[in-house]
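Here is how the chains run, residue by residue.
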Amino acid sequence: MTTSVTGGGADPDPVAAMGLAADRCMPMASQHARPHRHRVWRRCDGAKHAVHPRVTGARCDGGMTATDLITVRAAIPADLTRLDEIYAHYVRLTPVSFDLEPPTAAARAPWLTEHRADGPHRILVALHAGTPVGYASSGRFRDRPAYRSSVETSVYLDPDWIGCGIGARLYRSLFDGLAGIGLHRAYAAITLPNPASV
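Residues numbered from 1 in each chain as written. Predicted model: local features only at pLDDT ≥ 70, side-chain atom pairs only at ≥ 80, totals over all residues. Heavy atoms only, no water.

Peer 1: Describe the packing of aromatic side chains, listing the residues and the values that go with them.
Peer 2: A full pass over the atoms with the stated rule returns seven aromatic pairs. Note on Trp 111 and Tyr 135: the rings are 5.7 Å apart at their centroids and 70 degrees apart in plane angle, and the pair reads as edge-to-face. One end of the pair, Trp 111, is in helix H3 (residues 105-114); the other, Tyr 135, is in strand S6 (residues 131-140), and 24 residues separate them in sequence. Of the two residues, Trp 111 and Tyr 135, neither departs from the other in class, the shared state being buried. (Phe/Tyr/Trp six-rings, centres within 6.5 Å; stacked < 30°, edge-to-face > 60°. Helix = DSSP H or I, 4+ residues; strand = E, 2+ residues; numbered from the N terminus. Buried < 20%, exposed > 50% of the residue type's maximum accessible area, 1.4 Å probe, protein only.)

Peer 1: Report on the environment of Ala 129, specifying residues and quantitative values.
Peer 2: Of note, Ala 129 is situated in the loop between strand S5 (123-128) and S6. Along the primary structure Ala 129 and Leu 69 are separated by 60 residues, whereas in three dimensions their C-alpha atoms are 7.9 Å apart.

Peer 1: Pulling in residues and values, what's your account of unusual backbone geometry?
Peer 2: A cis amide bond links Leu 192 with the next residue in sequence, Pro 193, at an omega value of 0 degrees. Take Pro 193: it is sitting in the segment after strand S8 (185-188). Even without being a glycine, Phe 98 presents a positive backbone phi close to 65 degrees. Summarising the element assignment, Phe 98 is placed in the loop between helix H2 (80-93) and H3. A relative accessible area of 65% means that Phe 98 is categorised as exposed.

Peer 1: Describe the pattern of salt bridges, with residues and values.
Peer 2: Within this structure, the stated rule accounts for five salt bridges. Note that Glu 85 is salt-bridged to Arg 82, the shortest N-O span being 3.1 Å. Taken together, the positions of Glu 85 and Arg 82, both in helix H2 and three residues apart, correspond to about one turn of that helix. On the accessibility criterion, Arg 82 (18% relative accessible area) is buried. A salt bridge links Arg 82 to Asp 158; the nearest nitrogen and oxygen atoms lie 2.3 Å apart. One end of the pair, Arg 82, is in helix H2; the other, Asp 158, is in the loop between strand S7 (150-157) and helix H4 (166-178), and 76 residues separate them in sequence. Comparing Arg 82 with Asp 158 shows no difference in burial state: the two are buried. Each of Arg 82, Glu 85 and Asp 158 takes part in one network of salt bridges that share partners. (Salt bridge = Lys/Arg side-chain N within 4 Å of Asp/Glu carboxyl O.)

Peer 1: Break down H3 for me, with residues and values.
Peer 2: Of all the positions in H3, only Arg 108, Trp 111 and Leu 112 are classed as buried. Buried residues of H3, viewed axially, fall in a sector of 95 degrees; they line one side. H3 presents Ala 106, Thr 113 and Glu 114 as exposed residues on the side facing more than 90 degrees away from its buried surface. Here the buried face of H3 lies against H2, S5 and S6. (Arc of directions from axis to C-beta. Contact = heavy atoms within 4.5 Å.)

Peer 1: An account of the side chain of Thr 191 is requested, with residue identities and associated values reported.
Peer 2: Position of Thr 191 relative to the elements: it lies in the segment after S8. For Thr 191, a relative accessible area of 16% translates into the label buried. If near-sequence neighbours (up to four positions away) are discounted, Thr 191 is found in contact with Pro 95, Val 96 and Phe 98.

Peer 1: Before we move on, could you go through the pairing of S7 and cite the residues and values that matter?
Peer 2: In the sheet, S6 pairs with S7 via seven bridges, with the strands oriented antiparallel. The residue of S7 that forms the bridge with Ser 137 is Ser 154. The sheet contact formed by S7 and S8 spans four bridges and is parallel. Within S8, the position partnered with Ser 150 by the bridge is Arg 185. (Pairing = 2+ DSSP bridges.)

Peer 1: Break down H4 for me, citing the residues and quoting the values.
Peer 2: Relative to the 18 Å expected for 13 residues at 1.5 Å per residue, H4 spans 18 Å between its end C-alpha atoms, a close match to the ideal helical length. Of the positions making up H4, those classed as buried are Ile 166, Gly 167, Ala 168, Leu 170, Tyr 171, Leu 174, Phe 175 and Leu 178. (Expected span 1.5 Å × (residues − 1).)

If you want it as structure tokens, here you go:
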């Protein structure tokens with residue numbers, strides 16, 4: 001999948017093209033060790049919404065969803081341990097990362113410092129109550145000089161937060177930040193089968 005990050009052109013909205021919606025939290029069939037548990041609550045207007053299990057308490061707040069409780073910011077060194085935990089889950093249980101063993105914190109520290117808040121290579125973190133629950137990154141697509149105007153993107157979420165629109169929100173924030181800085185394309189590789197990402 002590719003998307004234009006120049007802010008123009010005929011490329012479709014990548015989030016819409018993936019069929020994702022950032023304004024709702026929906027249960028998702030999971031292949032993870034821990035099953036997802038969602039409970040249904042009603043908005044003030046009576047509409048049903050599925051809410052993430054960590055969002056607790058009776059709510060009638062005009063339609064807030066799980067993504068309303070998420071903040072997005074640039075990654076900082078204090079996030080690295082939690083980002084490594086999230087990434088290690090995918091390395092151990094899925095083929096999506098193409099890593100065979102979870103990298104050590106020492107190996108991942110340079111990865112974090114190579115990404116800057118204002119350059120083409122960035123890491124954005126989604127936080128719930130101050131704790132990272134996912135991240136999106138853009139990095140080098142290929143080594144050859146002609147590819148400098150392209151980036152490869154990825155999103156990794158805590159498995160308990162999959163299906164809540166956080167990945168879509170991270171991608172929107174990432175693409176918004178990359179627009180207008182001279183990039184031509186943002187690529188994302190999808191390992192199949194992966195219905196949630198297609």
